[in-house]
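An overview of the molecular structure
Residues per chain, in single letters:
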Amino acid sequence: MTYPLDFSRQIDEAIHSLLAHAGGFFDALAVVIDTFAGGLETVTAWLTPWGLVILATGIGAWRIGKGFALFALLATLYIIYSGYSEHASITLALTLSSTFFSLLIGIPLGIWSARRARVGSVVRTLLDFMQTMPAFVYLIPATILFGLGRPPGIFATILFSMPPVVRLTDLGIRQVSAARLEAGIAFGCTPWQLLWKVQLPAAQPSIMAGVNQTIMMAMSMVIIASMVGAGGLGNDILSSIQQLDIGLGLQSGIVVVLMAILLDRLSASFAKMKKGFHLMAKPASFHCNLACDYCFYLPNGETVLHGQPPSRAMSEPVLRQFIKRYIESSPGNEVAFTWQGGEPTLAGLDFYRRAVALQKQYAGNKRITNSMQTNGVLINDEWARFLAEHHFLMGISVDGPQPLYDAYRKTQSGGSVFHKVVDAIGHLKRHGVAFNLLAVVNDVTAQYPLEIYRFLTQELGGQHLQFIPAVEPMPRAAQAARFGETIALEHGSAVAPWSVSGEAYGRFLITLFDEWVRRDVGRVFVQMFDNTLTAWTGNTPELCVMQPTCGAALVVEQNGDVYSCDHFVAPEHHLGNILRDAPDKLVASKQQRRFGNAKTPTSPTCQRCEYRFACQGGCPKHRLARDGKHRQNHLCSGYYAFFRHAAPYMTWMAQQLARRQPPAEIINVAPFIAAKQRERDQA
């Protein structure tokens, strides 16, 4: 009886036709596969069983710890003294050979799939098919094409084990945040530079997880491949089945399990990335050449330094240890140094010349970047030449046109430095120094969003902008005298008179957003808006206040003391000192983990909020309002109003990014979205 959908005969004919017309190709491919696998078998044999014991134990101790090193030692000794070391070496060579070819094909295929939507759709469908196909089925075409032996076993294993690395490479690249991509494009990256310098580094944890899964699937398949003569431990298991030898099957099975555990844990240890962190330096501590009314750092600076005699800059031993330890403990290939204050330029130009020299001394193969947040008063041509030579990214604090700038930013004698700051920006421009502009949104500046935005973008030429809300609690006098302002978060909800209200901050952001979304998307990059778009794409924003937890941005003071956060430099948030403590140990400490996890919002209002995914409760420093037994962000109403207003625009831009289209096209449709919003509000 024949069936209309039975196409097995056609598949057989196609395979035999392929073999007849391309037999030479498959013979050559078999030689390549067999030669490579044979070479690996030679290497494992050359190492001898005892060499593999030392290698597994040593890597286990280095990457995981003493406990796993002991397990690796006992496991490899069991394999030797149970008489399976030779077959285990063959199985290891087969697994590594198959994994190599799987990665050679799979990672480029995953990249192609992520960068081409149509290719991705086809590839993901094919992967679904491959991952649900029974493993034994792969042996049939492999045997027809290659005969018996190692080549068909490895070929079948490649087909079986490749899908995880393709899928996770594709997923990792597609999940790179919109903010990172926008930043790369803004700095002039070509598509290939964007791939190699932005997407692949960000996708590395996902890709490495794919590598781990591919190794484990290859390990399982090479055992099955013994049915076509691949050899190794699979032969012992196959023999135990044919002879019904329970003892042989159990013992060889234990060896397979031990090898699988060793390969899984060791490969996973290389896949694991240390938690990324950032260590900001305050070389001049709280010292500043201005006396801004809203400065949160100046009031508690003397307490932070524990009454130590004032110093112009961080000492040579502290600077050296800071740079050395930070580079050594930073994961990845890039280390970002940020210099802040107080006023960091008070440390002097020679201090930064020395810092750059130390960075070069300890950099090794890592790439070093420097950024500095400054009021700009001391920046002249000499400074600008140095900053340009060493590619510093500068952040200049400018609250707006002179009347708004002078409202709270003055010298101790009440004088204006506005024109010096504008001149500093001119110096940076002439020397080609990249810069961002930072404006503090206080009770005065919140009333003039368009004046500030247009001044920063049109008159000063700013393309990267930050708008930081000024919110400071009013501490009790005794608390302020002892700890400074940032410690009084649990005591009362009164804020300083220059603090911006939630409603005013919301109106400021909305007015700013409407100007930006109609004219400047893709040309001007506003930190708040870029991170909001990242949240709307389903990714985690890079701005710490918009993340579910925090604790990855520490600060090192002039004397080497390390604190949990720039806004929590207080005794109970002191973690250690850079002269004796490694930064990665401090960021992983229980104290810092508790600090970071405490950011997760717990108030009923936050739990119910439809925009929690974007806001995440904001900065804990701003949780000054009561919500029953919980604390609510002082700016909550402003955040809610902004997210509600921006939602349709963000949704449209997120859809553009999903289609690999530029979000800047929102400029053409923004008027229509605004019209629909007006209809909604009037209804």
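What comes next concerns the included structure. For clarity, every value in this text was computed on a predicted model and none was experimentally measured. Every chain begins its residue count from 1, and numbering advances along the sequence as written. Two thresholds apply to this predicted model, a pLDDT of at least 70 for residue-level local features and 80 or more for giving and counting side-chain atom pairs, whereas whole-chain, interface and lining totals are computed over all residues. To get the side-chain values, all heavy atoms of the structure are used, and hydrogens and water are removed first.

Regarding the packing of aromatic side chains
Stacked, edge-to-face and tilted labels apply to pairs of Phe, Tyr and Trp rings (six-membered ring for Trp) whose centres lie within 6.5 Å, assigned for plane angles under 30 degrees, over 60, and everything in between, in that order. Using the criterion set out here, one finds 38 aromatic pairs in the structure. With a centroid separation of 5.2 Å and an interplanar angle of 90°, the aromatic rings of Phe513 and Phe529 are classed as edge-to-face. Within this pair, whereas Phe513 is found in helix α20 (residues 502-519), its partner Phe529 is found in helix α21 (residues 527-536), the two being separated by 16 residues in sequence. Across the pair, Phe529 and Phe513 agree in class, each one buried. Each helix corresponds to a stretch of at least 4 residues labelled H or I by DSSP, and each strand to a stretch of at least 2 residues labelled E; elements are numbered beginning at the N terminus. Only protein chains enter the accessibility calculation, which uses a 1.4 Å probe; a residue whose area is less than 20% of its type maximum is buried, one above 50% is exposed, and one in between is partly exposed.

Focus on a nonpolar patch on the surface
On the surface, Leu70, Leu73 and Leu74 cluster together into a nonpolar patch covering about 260 Å² of accessible area. Assignment of secondary structure puts Leu74 in helix α2 (residues 66-81). Look at Leu74 and you get exposed, because its relative accessible area is 52%. Patch membership is restricted to residues that have no salt bridge and whose relative accessible area is over 30%. Joining uses 9 Å for like charges and 5 Å for the nonpolar side chains Val, Leu, Ile, Met, Phe, Trp and Tyr. In these tables, accessible area is a Shrake-Rupley quantity obtained with a 1.4 Å probe, and a residue counts as shielded only by the protein chains included in the view. Here, a salt bridge means any Lys or Arg side-chain nitrogen found within 4 Å of an Asp or Glu carboxyl oxygen.

Notes on unusual backbone geometry
Between Gly341 and Gly342 the backbone carries a cis peptide bond, its omega angle lying at 15°. Among the structural elements, Gly342 can be located in the loop between β2 (334-339) and α14 (349-362). Phi at Leu244 takes a positive value of approximately 55°, unusual for a residue other than glycine. Tracing the backbone shows Leu244 in the loop between α10 (233-243) and α11 (246-271). Residue classification places Leu244 among the exposed positions, given a relative accessible area of 75%. The phi angle at Ser285 is positive, at roughly 55°, despite the residue not being glycine. Relative to the assigned elements, Ser285 resides in the loop between β1 (278-281) and α12 (301-304). What makes Ser285 buried here is its relative accessible area of 0%.

Concerning the side chain of Lys282
Among the secondary structure elements, Lys282 is positioned in the loop between β1 and α12. You can call Lys282 buried: its relative accessible area is 0%. When checking whether two residues touch, look at their non-hydrogen atoms; a contact exists if any pair is within 4.5 Å. Non-local contacts of Lys282, meaning those with residues more than four positions away in its chain, are made with Tyr297, Met314, Gln340, Gly341, Gly342, Val555, Val556, Glu557, Gln558 and Asp566.

Overview of the sheet that holds strand β5 (residues 435-441)
Here, any two strands with at least 2 DSSP bridges between them count as paired. Spatially, 10 strands are ordered β7-β6-β5-β4-β3-β2-β1-β8-β9-β10 in an open sheet, and the strand pairing comes out mixed. The sheet is open, and its two borders are formed by β7 (525-526) and β10 (574-577), each paired with just one other strand. Most of the contacts of helix α18 (residues 449-459) go to strand β6 (residues 464-469), to which it runs at about 150°, and overall it touches β5, β6 and β7. Note on geometry: axes are lines fitted to C-alpha atoms, helical ones only across the stretch in contact, with angles between N-to-C directions running from 0 to 180 degrees.

Regarding the pairing of β5
The element β5 is extensively covered by neighbouring structure, given that seven of its seven residues are classed as buried. Going residue by residue along β5, you find Phe435, Leu437, Ala439 and Val441 tucked away on one face and Asn436, Leu438 and Val440 tucked away on the opposite face as well. In this sheet, β6 lies alongside β5 in parallel orientation, the contact comprising five bridges. By the bridge assignment, Val440 is partnered in β6 with Ile468. Throughout, right-handed denotes a crossover for which the path from the first strand over the helix to the second runs clockwise when the strands point away from the viewer. Once you follow β5 into α18 and on to β6, the crossover reads as right-handed.

Re the side chain of Ser603
By the secondary structure assignment, Ser603 is in the loop between α23 (590-597) and α24 (604-608). If we ignore the near neighbours within four places in the chain, the residues touching Ser603 are Asp627, His630, Arg631 and Gln632.

Observations regarding helix α27 (residues 666-682)
An expected span of 1.5 Å times one less than the residue number is assigned to each helix. The terminal C-alpha atoms of α27, which comprises 17 residues, lie 23 Å apart, in line with the 24 Å expected from a rise of 1.5 Å per residue. When we look at burial in α27, the residues that qualify are Ile666, Ala670, Ile673, Ala674 and Gln677. Those residues of α27 that are buried are in contact with α20 and α26 (636-658).

Thoughts on the environment of Val441
Examined against the element boundaries, Val441 turns out to sit in strand β5. Counting along the chain gives 228 residues from Val441 to Gln213, while the straight-line C-alpha distance between them is 49 Å. When residues no more than four places from it in sequence are discounted, the contact partners of Val441 are Ala446, Phe467, Ile468, Pro469, Ala470, Val500, Tyr505 and Phe508.

Concerning helix α5 (residues 139-146)
For α5, every residue scored as buried is listed here: Leu139, Ala142, Leu145 and Phe146. Buried positions in α5, seen along its axis, are confined to an arc of 135° and lie on one side of it. Buried positions along α5 lie against α1 (8-63), α6 (150-161) and α9 (191-224). Looking at the residues trailing α5, positive phi occurs at Gly147, about 80°. The arc in question is the one spanned by the directions pointing from the helix axis to the C-beta atoms.

Examining the packing of helix α3 (residues 85-115) against α6
Across the interface, α3 lies against α6 with an axial gap of 9 Å and an inter-helix angle of 50°. By the angle between their axes, α3 is oblique relative to α6. The two elements α3 and α6 meet at a crossing, and its hand is right-handed. For the pair α3 and α6, the contacting residues are Leu94, Ser97, Ser98, Phe101, Ser102 and Ile105 in the first and Arg150, Ile154, Thr157, Ile158 and Ser161 in the second. Any angle between 65 and 115 degrees counts as roughly perpendicular, while under 35 counts as roughly parallel, over 145 as roughly antiparallel, and the rest as oblique. The hand of a helix crossing depends on one turn: near helix anticlockwise from the far one by less than a right angle means left-handed, and clockwise means right-handed.

Observations concerning the pattern of salt bridges
Summed over all chains, the structure comprises 19 salt bridges. One salt bridge connects Lys282 with Asp566, and the closest N-O pair in it is separated by 2.9 Å. Highlighted residues: Lys282 in the loop between β1 and α12 and Asp566 in the loop between β9 (561-563) and β10, separated in sequence by 284 residues. Each member of the pair, Lys282 together with Asp566, is buried. The partner of Lys621 in a salt bridge is Glu472, with the nearest N and O atoms 2.2 Å apart. Of the two residues, Lys621 is situated in the loop between α25 (612-615) and β11 (623-627) and Glu472 in the loop between β6 and α19 (477-483); the sequence distance between them amounts to 149 residues.

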